[in-house]
Amino acid sequence: MPQHSQSTSSTWKRHGRIKSFCIICVLVLLVWQAIDLGQSQFIGSQGWASVLYSPNSTTSTAKDAQGILSGLNHHALNQAHSVKQAELTPQAYINLITSKLSLDQKLGQMMMVQFVGASYTQPLSTMLNQYQVGSVLLFSANGNIIDKTQFKALIQEIHRSATNLPISLAIDQEGGTVDRLQQLDGSRPSAAALGASNNLQKVKAAGRQDAQDLSSYGITLNLAPVVDVDNSVYSEMHRDMRTFGTTPATVSRMAEAYLEGLQQSHKVVGTLKHFPGLGDATADPHVGLPSIQRSRNELETIDWAPYRNLIQQSQAHAIMVTHEIVPAIDSSQPSSLSPKLVTGILRNEMGFQGVIMTDSLTMAGVTAYYTPDQAAALAIEAGSDIIMGASSPGEVVQMLNGIKQALNSGAIQLSRIDASVRRILLMKYQMGLLSIPGSK
């Protein structure tokens, strides 16, 4: 080949490479700009909502909910969100989930059920899968706890049964006479013994130990500590050594230390109980309806002081309301069904924004006066987020029907249901059960 032809060929090849390189650079720049622009649109204020759902979509169906919930812990979502981006806040994500749930799914989240037996039974499966209840109470008296192997297998099966949202498992682990795990992990000190020690580090260590015990099984909600102030030698709280002390100051300090230990791992959430206070009750709500003969001032300075203190210190994520008549506030309805006490005092006056749950609605203090459907509807009307106690699919249906009837009549607004669901999902996030797509 002639020399000038070789030179021309070489020049064209060089020009071709340069041209190809320039085209590639332009394409890379265009792609980078598209990604940079698309990322803000992709994430936005709604995060994955802009991908999963149209911003103009306002329908909330079970199919929609299934779509978003099935991706909660999906590896692909986490991978996609590993790039630098504006964070999707827990509250924004929870709002999104709530907006996509059906009414049945929302009401299911508001149910805490119990069951009889040591294995995963068909009635339990029906409650979890057909009615999609959000919480399960484990109870030694129901035969749920035999040994470690059985207990772990049972809890794993319950967690695996979650079809959409994760299930929270609850237990009363107070220590002393209410030590549900004693046969598995050995005895734990009572609240009275911890209070008498006057050692805050010891109390905090007890909270850490309970969290370690509970989380090892997959339990995320402890129905403790008791913050009743021991004012009567005749009360069940005093007889069973279930309170930290005889003064509001002692109870507040000890409960705060216990909650710090219990909740520091972010795997277990505590529950203050028994609002509005059983420290002076001479009857047990399991078998009757106590009447608390205190003045408003006494309630404020004694029984309610620990609640106010712990709420102000942001230590309280859940509070249980028990069944008793408090004439100084409401002489006509049990506290668990009283809007004056639940919404008026606890929610509005004390400013509590966490989850409010009833004590079991199967206790005689309620069942002697109300049917399950009536009690469930009244509890939600009063302001509770979770209603506890149903032990069969039939009881679940009764309670759900009662709430739906109240919704149809206008006694309960859908916005009230939505507010409860958001609080429950936020608590599940605080337990580590609900993860935000892309979060580390």
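This text goes with the structure placed above it.
All values derive from a computational prediction rather than experimental measurement.

1. Focus: the overall build of the protein
Scanning the protein from terminus to terminus reveals 20 helices and 11 strands. For the protein, with 440 residues in total, the buried portion stands at 50%. In the protein, the share of contacts with a sequence separation of at least 24, taken over all contacts with a separation of at least 6, comes to 77%.

2. Digging into the layout of surface pockets
When its volume is computed, the largest pocket comes out at roughly 430 Å³. Lining the largest pocket we find 26 residues, and of these Asp172, Arg180, His286, Asp359 and Met363 sit closest to its centre. If you list the elements that add at least two residues to the lining of the largest pocket, you get helix H12 (236–239) and strand E8 (272–275).

3. Considering the sheet that holds strand E10 (residues 355–358)
Ordered by their spatial adjacency, 3 strands build an open sheet running E8-E9-E10, and the pairing between neighbours is parallel. The open sheet has two edge strands, E8 and E10, and neither has a second partner. Across the sheet, the axes of successive neighbouring strands diverge by a mean angle of 25°, strand direction being ignored. Where strand E9 (residues 318–321) meets E10, 4 bridges bridge the pair, whose relative direction is parallel. Paired with alanine 318 across the bridge in E10 is valine 355.

4. Some thoughts on the environment of glycine 175
Within the fold, glycine 175 resides in strand E4 (residues 173–175). Under the relative-accessibility criterion, glycine 175 is labelled buried at 5%. Considered as a pair, glycine 175 and aspartate 210 are 35 residues apart in the sequence and their alpha carbons are 9.0 Å apart. With sequence-adjacent residues up to four places away left out, glycine 175 is seen in contact with Arg188, Pro189 and Ser190.

5. Quick look at helix H20 (residues 414–430)
For H20, with 17 residues, the first-to-last C-alpha span of 25 Å sits near the 24 Å given by 1.5 Å per residue. When H20 is considered as a whole, its buried residues turn out to be Ile417, Asp418, Ala419, Ser420, Val421, Arg423, Ile424, Leu425, Met427 and Lys428. Two residues or fewer past H20, glycine 432 is found with a positive phi of approximately 85°.

6. Side note on the side chain of serine 235
Tracing the backbone shows serine 235 in the loop between strand E6 (221–222) and H12. Of the residues examined, serine 235 reaches a relative accessible area of 0% and is grouped as buried. Reaching out from serine 235, the side chain makes a polar contact with the backbone nitrogen of histidine 238 at a distance of 3.1 Å. Serine 235 has contacts with Asp230, Leu278, Gly279 and Ala281, leaving out every residue within four places of it along the chain.

7. A word on the packing of aromatic side chains
Within the structure shown, the criterion is met by 3 aromatic pairs. Following the ring pairs from residue to residue traces out a cluster consisting of Phe275, Trp304 and Tyr307.

8. Comments concerning the nonpolar core
Phe151, Ile158 and Phe275 are the most contacted members of the largest nonpolar core, which totals 112 residues. For this core, the leading source of residues is helix H13 (residues 248–263), giving 7 residues. Beyond its immediate stretch of four places on either side in the chain, isoleucine 158 contacts Phe115, Tyr120, Leu124, Leu128, Val136, Leu138, Ile167 and Leu169.

9. Notes on the packing of helix H11 (residues 200–217) against H13
Contact geometry for H11 and H13: axes closest at 6 Å, N-to-C directions at 40°. On the basis of their axis angle, the class for H11 and H13 is oblique. For the crossing formed where H11 meets H13, the hand is right-handed. On H13, the residues touching Leu200, Val203, Lys204, Ala206, Gly207, Arg208, Asp210 and Ala211 of H11 are Arg253, Met254, Ala257, Tyr258, Glu260, Gly261 and Leu262. Residue composition of the contact of H11 with H13, grouped by class: 8 nonpolar, 2 polar and 5 charged.

10. As for the packing of H13 against helix H15 (residues 305–312)
Contact pair H13 / H15: the axes reach a minimum separation of 9 Å and the direction vectors enclose 40°. Classified by the angle between their axes, H13 and H15 sit oblique to one another. In this structure, H13 crosses over H15, and the sense of that crossing is right-handed. Contact with H13, carried on its side by Pro248, Val251, Ser252, Ala255, Glu256 and Leu259, involves Ala305, Pro306, Asn309 and Leu310 of H15 and no other residues of that element. Within the contact of H13 with H15, the residues separate by chemical class into 7 nonpolar, 2 polar and 1 charged.

Conventions adopted
- Residues numbered from 1 in each chain as written.
- Predicted model: local features only at pLDDT ≥ 70, side-chain atom pairs only at ≥ 80, totals over all residues.
- Heavy atoms only, no water.
- Helix = DSSP H or I, 4+ residues; strand = E, 2+ residues; numbered from the N terminus.
- Buried < 20%, exposed > 50% of the residue type's maximum accessible area, 1.4 Å probe, protein only.
- Contact = heavy atoms within 4.5 Å.
- 1 Å grid on protein atoms, 1.4 Å probe; cavity = no way out; pocket = protein on both sides within 12 Å on 5 of 7 lines; lining within 4 Å.
- Points joined across faces, edges and corners; volume = space filled by probe spheres on them.
- Pairing = 2+ DSSP bridges.
- Axes fitted to C-alpha atoms, helices over the stretch in contact; angles between N-to-C directions.
- Expected span 1.5 Å × (residues − 1).
- Polar contact = N/O pair within 3.5 Å; in protein donor to acceptor, adjacent residues only side chain to side chain.
- Phe/Tyr/Trp six-rings, centres within 6.5 Å; stacked < 30°, edge-to-face > 60°.
- Core = buried A, V, L, I, M, F, W, Y, C linked by side-chain atoms within 4.5 Å.
- Parallel < 35°, antiparallel > 145°, perpendicular 65-115°, else oblique.
- Left-handed = near helix turned anticlockwise from the far one by under 90°.
- Nonpolar A, V, L, I, M, F, W, Y, C, P; charged D, E, K, R; others polar.

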